[in-house]
Amino acid sequence: MSLMERLDRLFEELRSANEDSLGYPAAKDFDYSEIERFMAFPINNIGDPFAQGTYRVHTRECEREVVAFFAAATRAPQDDWWGYVTNGGTEGNLYGLYLARELHPDGIVYYSEATHYSVAKNLHFLGMRHITIRSQSNGEIDYDDLLETLKIHRDRPPIIFANIGTTMTEARDDIGRIAAMMDRMAIRERYIHSDAALAGGYAAYLEPRPAWDFADGADSVAISGHKFLGAPIPCGIVIARKHNVQRIARTIDYIGSLDTTITGSRSGFSPLMLWYRLQQLGESGLRERLARSLANAQYLVERLVGIGVPAWRNPNAITVVLPRVSPELQRRWQLATAGDISHVLVLPNVGREQIDAFVAELATSREKEDACKA
Ligand SMILES: *Cc1c(COP(=O)(O)O)cnc(C)c1O
């Protein structure tokens, strides 16, 4: 097979696979053709996005604007925020935990059992002590269990790893409630990280607004760029309180910049992509895509309930949870499945036609199962 034939075949495979995926949080309604030409440069945003560097083939200005956009969306304190464009939510979470560890070397990390699988790995890298807290049935952290556990370890600063949209059910831990709980216990030395990988792309526009950001008590927030916003390359944003970051920054002569980020070389294309995306959509575009997703998520729940499937979603979630579907349907629609539940991500690209097609197939598959049982 020639190189061209191999490329064509791969392209066709991806095109077809992309069409039917409903179970992973990757929005597909994007068009970056206008910035394809920037692939001609070895762009590298090495170092701190807010510091000067010696290498001039970079997109730091775009990066700063992207971070500023999300600093506003997360209500970061004026003149006291800092951040950068990451490789994705996992790196943002690693950064938040790293910062927390440097500030509170003897802290204990608390996170719910519904936390993303990558977090345990991050904690292992960082060698941080951690305690798993029970989840409620909707996926939200069990506040009573958290309170009881905090009481037992009063001598160590708590580092709360909160989920703003758990992976399976998009449950949101209430950071305001957790902060108030620690206030009541007179715990001043503490840290809260907000893992808003999926919901960080729209949480600012939800009504009522979930308690997830800096004004609610978070000290850092991580968001994935390729989830709700949509991008062909995984990316994300992390934002933290600047005075905390300054305590751990080091100047490096070789790059003529500050070594404040996790990796050395960093993509310069991802910041450009996110910047371009935000320019195209603006806040109104994001709000419109959110409204569409919420309406379609509700439509999917109603359609599923209509055929007798006990589907549900958390309030204002675009994730629809249903009892584990057959392996054939899991494969066919690429549905993430854990334990006894599967889920559908109703992203802005998911339309009613696709929802109807999915519901029809699920109905047929259930009829077949019932026929077998009878
Ligand atoms: C997707 C996700 C992550 C990981 O983000 P990546 O961008 O895939 O690295 C972390 N936490 C939650 C809740 C997620 O949904």
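Predicted model, so just to flag it, every value in this text is computed and none were measured.

J.: Would you mind showing me how to read the site of the ligand here?
T.: Around the ligand, a shell composed of Gly88, Gly89, Thr90, Asn93, His116, Gly165, Thr167, Asp195, Ala197, Ser224, His226 and Lys227 is seen. At a separation of 3.3 Å, an oxygen atom of the ligand approaches a polar side-chain atom of His226. Bound to the protein, the ligand loses 86% of the 380 Å² it would expose on its own. The element that contributes the greatest number of residues to the shell around the ligand is helix α3 (residues 89–103), accounting for three residues. Class assignment of the residues belonging to the shell around the ligand gives a composition of one nonpolar, nine polar and two charged.

J.: Please clarify how a negative patch on the surface should be interpreted in this entry.
T.: A surface patch of negative charge is lined by Glu328, Glu367, Glu369 and Asp370. Among the elements that take part in the negative patch, helix α11 (residues 352–373) stands out by supplying three residues, more than any other. Among the secondary structure elements, Asp370 is positioned in helix α11.

J.: Just checking my understanding: could you explain the pairing of strand β6 (residues 220–224) for this structure?
T.: Along a regular strand, successive side chains alternate from one face of the sheet to the other. For β6, a buried count of five out of five residues is recorded, marking the element as mostly surrounded by other parts of the structure. Of the two faces of β6, the one holding Ser220, Ala222 and Ser224 and the one holding Val221 and Ile223 are both buried throughout. Pairing of strand β5 (residues 191–195) with β6, which is carried by three bridges, proceeds in the parallel orientation. Paired with Asp195 across the strands is Ala222, a residue of β6. Sheet analysis places β6 next to strand β7 (residues 236–241), joined by five bridges and oriented antiparallel. In the strand pairing of β7, Ile223 is matched with Ile237.

J.: What is the right way to read the sheet that holds strand β3 (residues 129–133) from this model?
T.: Sheets are built from strands that pair by backbone hydrogen bonding, the pairs being arranged parallel or antiparallel. Strand order in the open sheet made by the seven strands is β1-β7-β6-β5-β4-β2-β3, with mixed pairing throughout. Every other strand in the sheet has two partners, leaving β1 (81–86) and β3 as the edge strands with one partner each. When strand polarity is set aside, the average angle formed by the axes of neighbouring strands in this sheet is 15°. The pairing of β1 with β7 spans six bridges and is classified as antiparallel. Among the inter-strand pairings, Tyr84 is bridged to a residue of β7, identified as Val238.

J.: Help me understand unusual backbone geometry in this model?
T.: Negative phi values dominate among residues other than glycine, just as trans dominates among peptide bonds. Cis geometry is found at the peptide bond from Glu207 to Pro208, where omega equals 0°. In this structure, Pro208 sits in the loop between β5 and β6. At Arg75, a position not held by glycine, the phi torsion is positive, near 50°. Along the polypeptide, Arg75 turns up in the loop between α2 (60–73) and β1. At Glu170, a residue that is not glycine, the phi angle is positive and equals roughly 55°. By the element assignment, Glu170 lies in the loop between β4 (158–163) and α6 (175–184). Since its relative accessible area comes to 1%, Glu170 is described here as buried.

J.: Explain the nonpolar core here, please?
T.: A general tendency of soluble globular proteins is for nonpolar side chains to be buried together. Membership of the largest hydrophobic core comes to 62 residues, with the highest contact counts inside it found for Phe70, Tyr110, Leu146, Ile160, Tyr202 and Trp212. Broken down by element, this core gets its largest block of residues, ten residues, from helix α9 (residues 269–306). Split by domain, the residues of this core number at least three in each of domain 1 (33–279) and domain 2 (283–373). Leaving out residues up to four positions away in the same chain, Tyr202 has contacts with Glu170, Arg172, Phe228, Leu290 and Ile318.

Thresholds applied
- Residues numbered from 1 in each chain as written.
- Predicted model: local features only at pLDDT ≥ 70, side-chain atom pairs only at ≥ 80, totals over all residues.
- Heavy atoms only, no water.
- Near = heavy atom within 4 Å.
- Polar contact = N/O pair within 3.5 Å; in protein donor to acceptor, adjacent residues only side chain to side chain.
- Areas by Shrake-Rupley, 256 points an atom, 1.4 Å probe, with all protein chains shown as cover.
- Helix = DSSP H or I, 4+ residues; strand = E, 2+ residues; numbered from the N terminus.
- Nonpolar A, V, L, I, M, F, W, Y, C, P; charged D, E, K, R; others polar.
- Patch = residues over 30% accessible without salt bridge, like charges linked within 9 Å, V, L, I, M, F, W, Y side chains within 5 Å.
- Salt bridge = Lys/Arg side-chain N within 4 Å of Asp/Glu carboxyl O.
- Lys, Arg positive; Asp, Glu negative; His and termini not counted.
- Charge placed at Lys NZ, Arg CZ, Asp CG, Glu CD.
- Buried < 20%, exposed > 50% of the residue type's maximum accessible area, 1.4 Å probe, protein only.
- Pairing = 2+ DSSP bridges.
- Axes fitted to C-alpha atoms, helices over the stretch in contact; angles between N-to-C directions.
- Core = buried A, V, L, I, M, F, W, Y, C linked by side-chain atoms within 4.5 Å.
- Domains from an automatic or database assignment.
- Contact = heavy atoms within 4.5 Å.

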